[in-house]
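Here's the letter readout for the chains.
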There are 2 protein chains.
Amino acid sequence: MKLQVLLTGNELMAGDTIDSNSSMIAELITDYGWRIDKKVTVGDDLKLLEQQIRDLAANCDVLIINGGLGPTVDDMTSLALANTTGNPIAEHPDALAHLSQWCEQKGFRLNASNLKQTLLPAGASIIANARGSAVGIRMNIGNCLVLATPGVPNELKAMMTNEIIPLLAAQFSSDYIKTQRLAVFGLGESSIQERVNKHYPDWPDDVELGFRASMPVLEVKLTTRGQDASKKIDEWRGKIIDLIDDHLLGDMPLNLAQSVIAAAKQHKLSICTAESCTGGRIAAELTGVAGSSEVFPGGIVSYSNALKQQLLGVSESSLNTDGAVSKSVVKQMAEGALNTVGADLVIAVTGIAGPDGGSEDKPVGTVWLAWGSRENLKIEKFFLPADRHLFQTLVTALGLDLIRRHILSIAGLPELMTRRRA
Amino acid sequence: MKLQVLLTGNELMAGDTIDSNSSMIAELITDYGWRIDKKVTVGDDLKLLEQQIRDLAANCDVLIINGGLGPTVDDMTSLALANTTGNPIAEHPDALAHLSQWCEQKGFRLNASNLKQTLLPAGASIIANARGSAVGIRMNIGNCLVLATPGVPNELKAMMTNEIIPLLAAQFSSDYIKTQRLAVFGLGESSIQERVNKHYPDWPDDVELGFRASMPVLEVKLTTRGQDASKKIDEWRGKIIDLIDDHLLGDMPLNLAQSVIAAAKQHKLSICTAESCTGGRIAAELTGVAGSSEVFPGGIVSYSNALKQQLLGVSESSLNTDGAVSKSVVKQMAEGALNTVGADLVIAVTGIAGPDGGSEDKPVGTVWLAWGSRENLKIEKFFLPADRHLFQTLVTALGLDLIRRHILSIAGLPELMTRRRA
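Here we summarise the structure given alongside this text. (Residues numbered from 1 in each chain as written. Chains lettered and ligands numbered in written order. Predicted model: local features only at pLDDT ≥ 70, side-chain atom pairs only at ≥ 80, totals over all residues. Heavy atoms only, no water.)

## Re the overall build of chain A
Condition: The numbering of helices and of strands both runs from the N terminus, where a helix is a DSSP run of H or I of at least 4 residues and a strand a run of E of at least 2. Exposure is judged per residue with a 1.4 Å probe applied to protein chains only, and the accessible area is read against the type maximum: over 50% gives exposed, under 20% gives buried, and values in between give partly exposed. A contact between two residues is defined here by any heavy atoms of the two lying within 4.5 Å. The protein chains shown are the only cover counted for residues, whose accessible areas, like all others here, come from Shrake-Rupley with a 1.4 Å probe.
When you go through chain A residue by residue, the secondary structure sums to 16 helices and 17 strands. If you line up chain A on its principal axes, its C-alpha atoms span 85 × 55 × 40 Å. Counting across all 422 residues of chain A, residues that qualify as buried make up 56%. For chain A, contacts bridging at least 24 residues in sequence account for 68% of all contacts bridging at least 6. Working note: accessible area of chain A is about 17,100 Å², and carbon and sulfur atoms make up 48% of it.

Okay, structure coming up:
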């Protein structure tokens with residue numbers, strides 16, 4: 001089945017509204033092995049709408065039109081369908097019955113603008129709308145089944161689930177499709193592709209490999225279809241997991257903090273933080289995870305040097321001699337946090353987020369991290385030149401991944417970061 | 001100028017990714033009086049891509065293609081452009097120079113997959129990418145100017161702003177259009193609309209009023225056009241600012257933390273934090289602002305009760321009698337932070353983020369905030385039932401706005417929050 005989507009609405013063209021409806025449609029149909037072949041989006045322009053309906057309907061089996069069924073003058077899907085097919089629009093008894101019932105139920109009075117919603121192209125039938133006043137429109141244009149749906153997301157969702165998907169399932173064959181999504185940190189898209197090319201030059205065409213950067217995590221997605229989809233995807237999932245190796249966080253959706261909290265719980269280890277340049281973001285990420293209180297007692301944001309001394313016991317001489325962004329200071333921050341908070345593990349960071357504060361010796365992007373336990377404290381310097389926001393995001397992610405690796409006894413650094421070691 | 005957009009990427013078809021790039025493009029060009037006529041979205045399918053390029057380029061002056069410039073096999077915009085025009089692809093010296101420089105700067109090794117990004121259709125020129133490895137592609141197909149741009153949002157934004165908009169402005173006429181965007185916190189869209197209807201029933205049709213929720217800040221947008229656009233927009237901007245009153249943060253782009261840091265600098269006041277349920281997010285927001293070190297020495301994330309006692313001097317009896325989420329504890333947290341950190345002002349929060357930890361007395365969403373100075377410490381209880389993430393976002397925003405109001409000697413609470421007072 002070839003399915004296309006036509007979205008209509010000025011708000012979709014002006015940048016005010018981001019289209020999430022077409023993603024919802026795609027997600028709802030994906031389990032049936034169907035996918036959207038092409039999406040077209042136009043404003044509320046009758047001529048343009050007619051032309052798109054004509055072009056799209058001539059080239060697919062199913063056309064879902066979304067939007068333009070409302071009561072106002074800028075809603076013109078019904079009229080465009082009528083003009084395209086050369087049928088007049090007329091009051092449809094089923095649409096009128098739906099609208100009357102809906103108004104009665106809500107205690108609304110039927111008004112003239114609402115009545116516009118009962119005008120359908122001759123020959124069309126309605127699609128029930130459980131959630132709103134606008135019925136959907138179902139008609140054939142040539143060999144194409146055209147389904148016009150409302151733009152309000154919850155109305156669309158109900159109509160897709162209750163009406164349209166059963167209709168399509170009865171009329172078109174569905175496919176066996178399987179998808180797997182993996183969360184990866186510290187390994188680039190091109191490195192993964194290279195490993196695949198090297199180890200599996202025969203990677204099968206029907207196991208689609210996709211990547212999506214969802215900063216700072218990379219999502220690796222495998223899709224396959226057919227009767228043996230489950231078996232095939234398990235096989236190739238195993239192979240890609242081997243290639244991703246210790247950069248694998250787990251199955252999506254998963255962020256770094258969740259994987260750290262899970263690892264800490266599993267190993268019954270508590271974590272504290274001592275943050276300078278990330279200013280509380282590592283703590284905030286950890287406490288963003290439900291149930292984090294079990295392993296995260298708290299942390300210290302020592303942004304000023306005075307607080308580094310006062311709360312973490314960093315020595316004045318180290319601050320004066322080595323500077324706040326130095327090995328000796330990050331070490332003392334880590335030890336200070338372990339002492340003060342009394343956790344098993346620590347993540348400590350001090351760096352130069354910029355845009356000011358850099359020097360020739362220590363340019364913006366320089367950062368020291370210390371992580372681990374009192375007995376096994378690791379210290380590294382990295383260079384992550386980026387704007388302030390991105391720098392803080394990267395350092396936060398790096399800190400979280402390093403403590404994840406520590407807890408899981410993974411020896412190496414994330415590949416992307418080995419090149420950033422300074 | 002007739003401008004169309006072609007978006008490419010399987011992730012856009014599968015429901016994984018919601019397209020925000022085309023909205024960004026629309027927003028960036030709107031100040032020039034340009035708009036997108038039509039958007040088409042297709043997956044990573046070479047034949048389909050070629051056909052769309054051909055169809056769209058034949059029917060517009062400018063075609064912006066977004067996506068498909070990456071290093072992997074599913075990136076095929078360059079090849080599609082080459083096939084459409086009948087030109088071969090070949091290594092482009094400018095693209096190679098850009099990529100080499102970019103890799104050097106980042107300390108990466110140029111690999112084979114990266115080199116794919118230097119293959120451009122013969123006759124094309126590059127569009128500089130200040131933020132990433134993929135250069136944009138500029139070429140003519142018939143009378144249509146075709147501009148291929150990267151799918152990564154921050155790369156696209158930089159390329160649009162620095163390269164493409166100046167290019168279009170030089171080649172096509174732009175309209176006199178003026179836009180003003182105001183950042184507002186704690187006042188709802190319908191409240192603002194109601195105030196406008198009441199005070200300005202004669203609000204002119206040609207001064208468009210738009211709203212966009214950019215959580216937790218509301219963006220209010222005024223747009224007008226014509227020779228007197230500047231004068232007209234200044235006049236109506238003044239009127240809407242009067243209506244928004246003390247909920248105005250300033251001109252967009254502006255977040256709450258920026259307005260707090262600006263106010264603190266202006267009044268030469270330092271701020272510290274004592275956070276429980278927000279777990280460091282308030283500190284992280286403040287330190288996200290460049291130059292925040294001038295007024296933010298640091299803060300304490302006291303997630304456990306033990307740390308509340310140990311680092312902030314909260315009494316064991318208060319914790320036992322009143323519980324961690326109580327007026328007495330938030331007061332002691334605030335005083336403790338002021339003592340320990342020694343700042344002029346404090347934001348302290350303790351609440352129940354959920355999903356667990358609620359009770360009949362103190363359901364999930366209950367939160368106490370204390371803010372101000374030692375001599376003038378304000379304490380309020382709010383009820384913000386929401387999922388964990390949204391709760392933390394709202395409490396962070398509320399804490400920041402309350403200290404902004406304190407610094408600026410604004411008496412009231414934000415309107416939306418007066419209803420949430422518990």
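## Topic: the environment of Ala337 of chain B
Residue and element names in this part refer to chain B. Turning to its location among the elements, Ala337 is positioned in helix α14 (residues 327-341). Residues Ala337 and Ile347, spaced ten residues apart in sequence, show a C-alpha to C-alpha distance of 8.8 Å. Those residues in contact with Ala337 that lie beyond four places of it in its chain are Cys272, Thr273, Ala274, Leu312, Gly342 and Val346.

## A few points about the pattern of salt bridges
Side-chain pairing between opposite charges can occur once the charged atoms of the two side chains come close. Residue and element names in this part refer to chain A. Filter applied, for reference: Salt bridge, as used here, is a side-chain nitrogen of Lys or Arg placed within 4 Å of a carboxyl oxygen of Asp or Glu.
As enumerated under the stated definition, the model contains 31 salt bridges over all chains in all. Between Lys265 and Glu294 there is a salt bridge, with the nearest N and O atoms lying 3.9 Å from each other. Residue Lys265 is located in helix α10 (residues 256-266), and its partner Glu294 is located in the loop between α11 (281-287) and β14 (298-302); the two are separated by 29 residues in the primary sequence. Its relative accessible area of 28% is what places Lys265 among the partly exposed residues. Put simply, Glu380 and Arg421 hold a salt bridge, and the shortest N to O gap is 3.3 Å. Taken together, the positions of Glu380 in strand β17 (residues 377-383) and Arg421 in the segment after α16 (415-418) put the pair 41 residues apart, joining distant regions of the chain.

## Notes on the sheet that holds strand β9 (residues 177-184) of chain A
Whether parallel or antiparallel, the strands of a sheet pair through hydrogen bonds between backbone atoms. All names here are of chain A. This is how the line gets drawn: Two strands form a pair only when DSSP identifies at least two bridges running between them. Here, axes are lines fitted to C-alpha atoms. For helices the fit covers the stretch in contact, and angles between N-to-C directions go from 0 to 180 degrees.
Read across the open sheet, the four strands follow the order β10-β11-β9-β12; overall the sheet is antiparallel. Edge positions in the sheet fall to β10 (208-214) and β12 (248-251), since each of these pairs with one other strand and no more. Going across the sheet, the axis of each strand differs from the next one's by a mean of 25°, ignoring polarity. One ladder, built from eight bridges, connects β9 with strand β11 (residues 217-225); its direction is antiparallel. What sits directly across from Arg181, in β11, is Lys221.

## Focus on the nonpolar core
Keep this limit in mind: Among buried residues, those of type Ala, Val, Leu, Ile, Met, Phe, Trp, Tyr and Cys that are joined through side-chain atoms within 4.5 Å constitute a nonpolar core.
Counting 80 residues, the largest nonpolar core has Phe382 and Leu384 of chain A together with Phe382 and Leu384 of chain B as the members making the most contacts within it. Each residue touching Leu384 of chain A, except ones within four places of it in the same chain, is listed here: Gly365, Val367, Phe391, Leu394, Val395, Leu398, Met417 and Arg420 of chain A. Among the nonpolar cores identified, the runner-up in size contains 52 residues, and Leu48, Ile137 and Ala148 of chain A together with Leu6 of chain B belong to it.

## What to know about the packing of aromatic side chains
To be explicit about the condition: In this analysis, rings of Phe, Tyr and Trp, with Trp reduced to its six-membered ring, are considered paired at centre separations within 6.5 Å, and the interplanar angle assigns stacked below 30 degrees, edge-to-face beyond 60, and tilted for intermediate values. Each ring is checked for a lysine NZ or an arginine CZ that lies within 6 Å of its centre and within 35 degrees of its normal; such an atom marks a charge sitting over the ring.
Overall, the coordinates contain ten aromatic pairs over all chains when judged by the stated rule. When the ring of Tyr32 of chain B is compared with that of Trp34 of chain B, the centres are 5.0 Å apart and the planes differ by 20°; the resulting orientation is stacked. Here a set of aromatic residues connected by ring pairs shows up, and it is made of Tyr200, Trp203 and Trp236 of chain A. Taking NZ or CZ as reference, Lys239 of chain A lies 4.1 Å from the ring centre of Trp236 of chain A, over its face.

## A short note on the sheet that holds strand β8 (residues 144-149) of chain A
Pairing is mixed in the open sheet, where twelve strands are placed in the order β6(A)-β7(A)-β8(A)-β3(A)-β1(A)-β2(A)-β2(B)-β1(B)-β3(B)-β8(B)-β7(B)-β6(B). Single-partner strands in this sheet number two, and they are β6 (125-127) of chain A together with β6 (125-127) of chain B. For this sheet the average axis-to-axis angle between neighbouring strands, irrespective of direction, equals 20°. Strand direction decides the pairing type here: strand β1 (residues 3-8) of chain A and strand β2 (residues 36-42) of chain A, joined by six bridges, are parallel.

## Points about unusual backbone geometry
With omega at 0°, the peptide bond leading from Gly354 of chain A into Pro355 of chain A counts as cis. With respect to the secondary-structure elements, Pro355 of chain A resides in the loop between β15 (345-351) and β16 (366-372). In this model, Met252 of chain B is joined to Pro253 of chain B through a cis peptide bond whose omega is -5°. By the secondary structure assignment, Pro253 of chain B is in the loop between β12 (248-251) and α10 (256-266). For Asp245 of chain A, which is not a glycine, the phi torsion comes out positive at approximately 55°. Looking at the secondary structure, you find Asp245 of chain A in the loop between α9 (229-244) and β12. Residue class for Asp245 of chain A comes out partly exposed when judged on its relative accessible area of 49%. The backbone phi angle of Ser409 of chain B is positive, close to 55°, even though this residue is not glycine. Here Ser409 of chain B shows up in the loop between α15 (388-407) and α16 (415-418).

## Some points on the pairing of strand β13 (residues 271-275) of chain B
Residue and element names in this part refer to chain B. To keep it simple, the criterion reads: If you view a crossover with the strands going away from you and the path from the first strand over the helix to the second runs clockwise, you call it right-handed.
The element β13 is largely enclosed, with a buried count of five among its five residues. Both faces of β13 are covered, namely the face carrying Ile271, Thr273 and Glu275 and the face carrying Cys272 and Ala274. Pairing of β13 with strand β15 (residues 345-351), which is carried by five bridges, proceeds in the parallel orientation. The residue bridging Thr273 from the neighbouring strand is Ile347, located in β15. Viewed along the sheet, the connection from β13 through helix α11 (residues 281-287) into strand β14 (residues 298-302) turns out right-handed.

## Observations concerning the packing of α10 of chain A against helix α15 (residues 388-407) of chain A
All names here are of chain A. Just so we agree on the cut-off: Roughly parallel means an angle under 35 degrees; roughly antiparallel, over 145; roughly perpendicular, 65 to 115; everything else is oblique. By definition, any crossing whose near helix is turned counterclockwise from its far helix by less than a right angle is left-handed, and any crossing with a clockwise turn is right-handed. Just so you know the grouping, Ala, Val, Leu, Ile, Met, Phe, Trp, Tyr, Cys and Pro go in nonpolar, Asp, Glu, Lys and Arg go in charged, and all remaining residues, Gly too, go in polar.
Between α10 and α15, the least distance of the axes is 9 Å, while the angle of their chain directions is 25°. In terms of orientation, α10 lies roughly parallel with respect to α15. Helix-helix and strand crossings are classified by hand; for α10 and α15 the assignment is left-handed. Contacts from Leu256, Ala257, Ser259, Val260, Ala263 and Ala264 in α10 reach Ala397, Leu400, Asp401, Ile403, Arg404 and Ile407 in α15. Partitioning the contact of α10 with α15 into residue classes produces nine nonpolar, one polar and two charged.

## Let's talk about the interface of chain A and chain B
So the rule is basically this: Note on definitions: buried area is the accessible-area loss of two parts on being combined, 1.4 Å probe, summed for both.
Facing 68 residues of chain A, the contacting portion of chain B comprises 68 residues. In total, about 5,300 Å² of surface goes out of reach between chain A and chain B, with carbon and sulfur atoms giving 51% of it. Summed over the three residues of chain A that lose the most area to chain B, namely Met13, Lys39 and Tyr303 of chain A, the buried surface amounts to 11% of that side. One can count zero salt bridges joining chain A with chain B. No other element matches the seven residues that β2 of chain A contributes to the side of chain A that touches chain B. For the side of chain A that touches chain B, the class distribution of residues is 26 nonpolar, 25 polar and 17 charged. With five bridges connecting them, β14 of chain A and β14 of chain B associate as antiparallel partners. Pairing of Val301 of chain A across the sheet is with Gly299 of chain B, part of β14 of chain B.

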